[in-house]
Amino acid sequence: MRLSKGARAGIVLVSAAIAIGLILFGIFGYLRTYPPTVAATPSPTQPNTVDLTLQVEGAVGTGPHPQWVGWYAKDAAGKWVRTTIYQVPEKTYVHVTVYEYDSGGPLRNPYWGKVLGTQGGVEYLNGKPVSVLDAASGNGVAHTIDAPSLGLNIPVWGVNGNAKNFCQQGPCNPSEAHNVITFTFYSGNTTHTYRWQCFIPCGVGYLEGNGGPMAETGYMAGFFKVVA
Amino acid sequence: MALTQQEREERKAFARSKGWQIFAVWFVLTAIVDYLTWFVWGPHMPPGTMTTSAAAQQFDFKILMVLVVPVLFMVWVYGGFALVNFRARKGEEDQDGIVLFGNRKIQGIWYVASTVLVLGLAVFGTYELIANHDMGSGSGPSPIWNYSWAKATPQGAWTPGGSTPLVVQVIAQQWRFTYRYPQFGGMETTELYLPTNARVVFDVTSLDVIHDFWAYQLGVKADANPGVNNVATTETTSQTGKITVRCDELCGIWHGAMYNYGEVLPASSFETWATNMQAANAGVTKLLPPFALTYTPSYSGAGGGYYPSYDPNGHSVAY
């Protein structure tokens, strides 16, 4: 059976529309891709408190940019997930443990060496309470966790880049050189999604360290989702 | 078909009588709305009167509105008149509309009035552009009017009611502003607080890309460029109020989130706040650099080493 001109034109147009639709779906699907959200787990010992365990390394080792600097979070099953999106309940104290495996240096603005927004105004660096880190000395500061709307700023002390057991790519393990930083902050009384970022331009290979991982969720930019 | 002499005379009489009606309606409406614009709405126009520069901008907006209202109402009133009188009624769909004739006198008045208005706005705009009303243009104090008090360095301690300007260094970084107060031990804050009745000098710089410091309610806006000190000045009035500061230069993914808040406080309250903040900041102040006009990150960029003893890019390392 020979199709009419109109029928053939219709088939071509419908096929083209489906093809364009699939292409656009793919493009927007890719652009809207977000890393997974990891929820903090209720503390087994502290009431009204949840635990969030993170690690940061110089090269995440997986995904589309394995050489980029980035963060992992431990999920409820104890598995390390590469993400910077964390879910915490409202009206709750969030106890955060950071395993830091990256080297550090001086801060561009030493003001960001100050601990802000935590319980007691301190963070615990390898068990010792500190309120300010002098990034111009020692191994310097590797990264910061700064959530402007939560008033939170956590400088994360770097490890020696020449350490023999320096972690080369993530997820790293505790047998490699690291620092442990802990702090507790209050999640607030309203549900909201708060952005957070690192204030150290650490995008190696990008203009003055900006761009690359600094501008991408899942590496050095993320969110605290405060939920009911 | 040409009109008869009688028809011409009828049209002229019609235009004359309706013209005066249009003028009367336009004049009354314009007078009322201009009065309301200047005296009722005007005092509430943005950006307010919390500083001399903001007040000057509010004055500019009031002037422009008062000049725009007559033009706007001339168009609206004539448009409304045409809709009512020149519309085709039922049964008149096939008829020609009324024939209007040009009137050289009215055309002349219109041309002259438009010319005067546009030239007047040009002169007014030029004057307002160069007379900075205590506001640096964002690239230093006005080169035309010399504001000798607007130096880019602290000139001694600031006290309420004193003549020494308050110096605030605005430091932009992706994606936050911080404010350093060199006259209060170099303390740094994430919110901008200012005293009433004080001269303020903003030294604006950036640590990375190009940002823009826009303190809307202060009527102050200045680019924040790395390695550059942009000076903007203003003088607060006795009015207190909230401030919102935004970045006004597309600077990255979270440009839209680069804003924070502040307040103009009574001078004594500001002094109390600043003194308390200075004490609270003592731990970190000792780590902050002494006042410098710019803070230039090292060319080496990522991974540390931002402030070496030299800069391979040839910039001075003011740290």
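Shown above is the structure to which this text applies.
Report on the accompanying structure.

**Side note on unusual backbone geometry**
Phase 1: Along the chain, A:Gly170 connects to A:Pro171 via a cis peptide bond; the corresponding omega equals -5°.
Phase 2: Note on placement: A:Pro171 falls in the loop between β11 (152-157) and β12 (179-186).
Phase 3: With an omega dihedral of 0°, the bond running from B:Pro46 to B:Pro47 counts as a cis peptide bond.
Phase 4: Along the chain, B:Pro47 turns up in the loop between α1 (5-41) and α2 (52-85).
Phase 5: For A:Asn48, which is not glycine, the phi dihedral falls at a positive 55°.
Phase 6: Inspection of the secondary structure assignment puts A:Asn48 in the loop between β2 (41-42) and β3 (49-57).
Phase 7: In this structure A:Asn48 comes out as partly exposed when scored by relative accessible area, which is 45%.

**A closer look at the pattern of salt bridges**
Residue and element names in this part refer to chain B.
Phase 1: For the structure on display, the rule yields six salt bridges over all chains.
Phase 2: In this structure, Arg180 and Glu188 form a salt bridge, with 2.6 Å as the shortest nitrogen-oxygen distance.
Phase 3: Judged by its relative accessible area of 0%, Glu188 falls in the buried class.
Phase 4: Between Lys221 and Asp212 there is a salt bridge whose closest N-O contact spans 3.6 Å.
Phase 5: Taking relative accessible area as the criterion, Asp212 reaches 2% and is therefore assigned buried.
Phase 6: Each member of the salt-bridge network shares a partner with another, and the members are Asp212, Lys221 and Asp248.

**Quick look at the sheet that holds strand β3 (residues 187-189) of chain B**
Residues and elements named next belong to chain B.
Phase 1: Across the sheet, which stays open at both edges, the five strands sit in the order β3-β2-β1-β5-β8 with mixed pairing between neighbours. Looking along the sheet, the strands with just one partner apiece sit at the ends: β3 and β8 (230-235). Averaged over all pairs of adjacent strands, the angle between strand axes in this sheet comes to 25°, irrespective of strand direction.
Phase 2: Alignment of strand β1 (residues 166-173) against strand β2 (residues 176-181), held across five bridges, turns out to be antiparallel. Bridge pairing in β2 places Gln173 opposite Arg176.

**Some remarks on the packing of α1(B) against α2(B)**
Residues and elements named next belong to chain B.
Phase 1: Remark: α1 packs on α2, axes separated minimally by 9 Å, with the N-to-C direction vectors making an angle of 150°. The pairing of α1 with α2 is recorded here as roughly antiparallel in orientation. For the pair α1 and α2, the crossing hand works out as right-handed.
Phase 2: Class assignment of the residues belonging to the contact of α1 with α2 gives a composition of 19 nonpolar, three polar and three charged.

**Points about the sheet that holds strand β7 (residues 220-224) of chain B**
Residue and element names in this part refer to chain B.
Phase 1: Within the open sheet, the five strands sit side by side as β4-β10-β9-β6-β7. Their pairing is mixed. If you trace the sheet from one side to the other, it starts and ends with β4 (192-195) and β7, each paired once. On average, adjacent strands in this sheet sit at an angle of 20° to one another, irrespective of strand direction.
Phase 2: Sheet topology places β4 next to strand β10 (residues 259-265); four bridges connect them, and they run parallel. Within β10, the residue paired with Leu194 across the bridge is Val264.

Rules used in this analysis
Residues numbered from 1 in each chain as written. Chains lettered and ligands numbered in written order. Predicted model: local features only at pLDDT ≥ 70, side-chain atom pairs only at ≥ 80, totals over all residues. Heavy atoms only, no water. Helix = DSSP H or I, 4+ residues; strand = E, 2+ residues; numbered from the N terminus. Buried < 20%, exposed > 50% of the residue type's maximum accessible area, 1.4 Å probe, protein only. Salt bridge = Lys/Arg side-chain N within 4 Å of Asp/Glu carboxyl O. Pairing = 2+ DSSP bridges. Axes fitted to C-alpha atoms, helices over the stretch in contact; angles between N-to-C directions. Parallel < 35°, antiparallel > 145°, perpendicular 65-115°, else oblique. Left-handed = near helix turned anticlockwise from the far one by under 90°. Nonpolar A, V, L, I, M, F, W, Y, C, P; charged D, E, K, R; others polar.

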